[in-house]
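Chain residues, written in single-letter form:
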Amino acid sequence: GNSVTQMEGPVTLSEEAFLTINCTYTATGYPSLFWYVQYPGEGLQLLLKATKADDKGSNKGFEATYRKETTSFHLEKGSVQVSDSAVYFCALSDWSGTYKYIFGTGTRLKVLA
Amino acid sequence: DVKVTQSSRYLVKRTGEKVFLECVQDMDHENMFWYRQDPGLGLRLIYFSYDVKMKEKGDIPEGYSVSREKKERFSLILESASTNQTSMYLCASSGVGGASEAFFGQGTRLTVV
């Protein structure tokens with residue numbers, strides 16, 4: 001079945017460092033891909049999405065490109081801030097009769113001042 | 001502002017109790033979902049619903065049931081709560097189409113003692 005694999009955390013970076021969180025997926029068909037962020041004590045918020053191959057999603061300085069040839073959707077940010085500390089989830093939409101979402105296990109990011 | 005609202009942020013229940021978790025969305029979404037979130041396991045789908053009175057089992061439905069009598073409301077029921085159901089429960093909703101993102105509530109942290 002469809003699945004999402006993302007790098008294990010925690011990831012600890014200094015402020016202004018470059019961030020990459022790896023995400024790969026397995027899917028039949030053509031899923032849409034998402035990155036969600038979860039701040040402490042809150043639900044998940046959509047960070048960005050891409051709906052077809054070679055699409056780039058971007059928001060708040062974060063970017064991810066839908067790479068069909070490598071089945072990847074890696075999250076990047078050029079310069080992280082302390083306020084980016086959170087848990088990041090990669091997800092795909094799975095069409096198998098009705099839509100549902102499959103999530104990775106999450107990657108905790110901690111940014112130090 | 002679009003909203004998914006869960007009835008409680010924190011709940012403490014006793015083993016064997018019947019527990020109701022309520023979720024309401026104001027976006028007229030067809031799809032609604034219940035996930036549980038546990039450390040290291042990410043989000044796991046319990047049940048989802050694609051229309052009023054329609055429901056489908058997710059990956060871990062055992063010990064749970066759901067009810068969707070109105071489009072905006074999706075309830076998760078723990079028939080007889082057990083300690084292994086202590087977890088964070090997240091409700092989400094989405095429109096139709098694979099490009100639609102899921103919108104999440106703030107989560108309910110349930111402790112079963």
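The shown structure was predicted, so the numbers you read here are calculated from the model rather than taken from an experiment. (Residues numbered from 1 in each chain as written. Chains lettered and ligands numbered in written order. Predicted model: local features only at pLDDT ≥ 70, side-chain atom pairs only at ≥ 80, totals over all residues. Heavy atoms only, no water.)

Chemist: What's the story with the environment of Arg108 of chain A in this structure? I'm lost.
Modeler: Residues and elements named next belong to chain A. By secondary structure assignment, the location of Arg108 is in strand 12 (residues 107–112). Spatially, the C-alpha atom of Arg108 lies 17 Å from that of Ala64, the residues being 44 residues apart in sequence. Leave out the neighbours within four places in its chain, and Arg108 touches Gly9, Pro10, Val11, Ala86 and Val87. (Helix = DSSP H or I, 4+ residues; strand = E, 2+ residues; numbered from the N terminus. Contact = heavy atoms within 4.5 Å.)

Chemist: When you look at the state of the cysteines in this model, what are you seeing that I'm missing?
Modeler: Here, disulfide denotes a covalent bond that connects the sulfur atoms of two cysteines. In this structure the tally under the stated criterion is 2 disulfides over all chains. One disulfide bridge connects Cys23 of chain A with Cys90 of chain A, the sulfur atoms lying 1.9 Å from each other. Judged by the sign of its S-S torsion, about -70 degrees, the cystine formed by Cys23 of chain A and Cys90 of chain A is left-handed. On the criterion of sequence distance, the pair formed by Cys23 of chain A in strand 4 (residues 23–26) and Cys90 of chain A in strand 10 (residues 86–96) is long-range, its members being 67 residues apart. The disulfide partner of Cys23 of chain B is Cys91 of chain B, and the gap between their sulfur atoms is 1.9 Å. Disulfide Cys23 of chain B to Cys91 of chain B: torsion about the S-S bond roughly -80 degrees, handedness left-handed. With a gap of 68 residues between them, Cys23 of chain B in strand 3 (residues 19–25) and Cys91 of chain B in strand 9 (residues 87–94) connect regions that are remote in the sequence. (Disulfide = S-S within 2.5 Å.)

Chemist: Whenever I open this one, unusual backbone geometry confuses me. Can you help?
Modeler: The phi angle of most residues is negative, glycine excepted, and most peptide bonds adopt the trans form. All names here are of chain A. Along the chain, Gly9 connects to Pro10 via a cis peptide bond; the corresponding omega equals -5 degrees. You can see Pro10 is positioned in the loop between strand 1 (3–6) and strand 2 (11–14). Of note, Glu16 is a non-glycine position whose phi angle comes to about 80 degrees, a positive value. On the accessibility criterion, Glu16 (60% relative accessible area) is exposed. (Buried < 20%, exposed > 50% of the residue type's maximum accessible area, 1.4 Å probe, protein only.)

Chemist: I'm lost on the side chain of Asp38 of chain B in this one. Help?
Modeler: Secondary-structure assignment places Asp38 of chain B in strand 4 (residues 31–38). Excluding residues that lie within four positions of it along the chain, Asp38 of chain B makes contacts with Arg44, Thr86 and Ser87 of chain B.

Chemist: Quick question: what am I supposed to make of the environment of Ser65 of chain B here?
Modeler: Residue and element names in this part refer to chain B. Its place among the elements puts Ser65 in strand 7 (residues 64–70). Classification of Ser65 as buried rests on a relative accessible area of 17%. C-alpha of Ser65 to C-alpha of Lys55: the two residues are 10 residues apart in sequence and 9.5 Å apart in space. Those residues within four positions of Ser65 in sequence are excluded, and the remaining contacts are Tyr47, Ser75, Leu76, Ile77 and Glu79. Within the structure, the side chain of Ser65 is placed 2.7 Å from the side chain of Glu79, a separation counted as a polar contact. (Polar contact = N/O pair within 3.5 Å; in protein donor to acceptor, adjacent residues only side chain to side chain.)

That is the geometry; function is a separate question.
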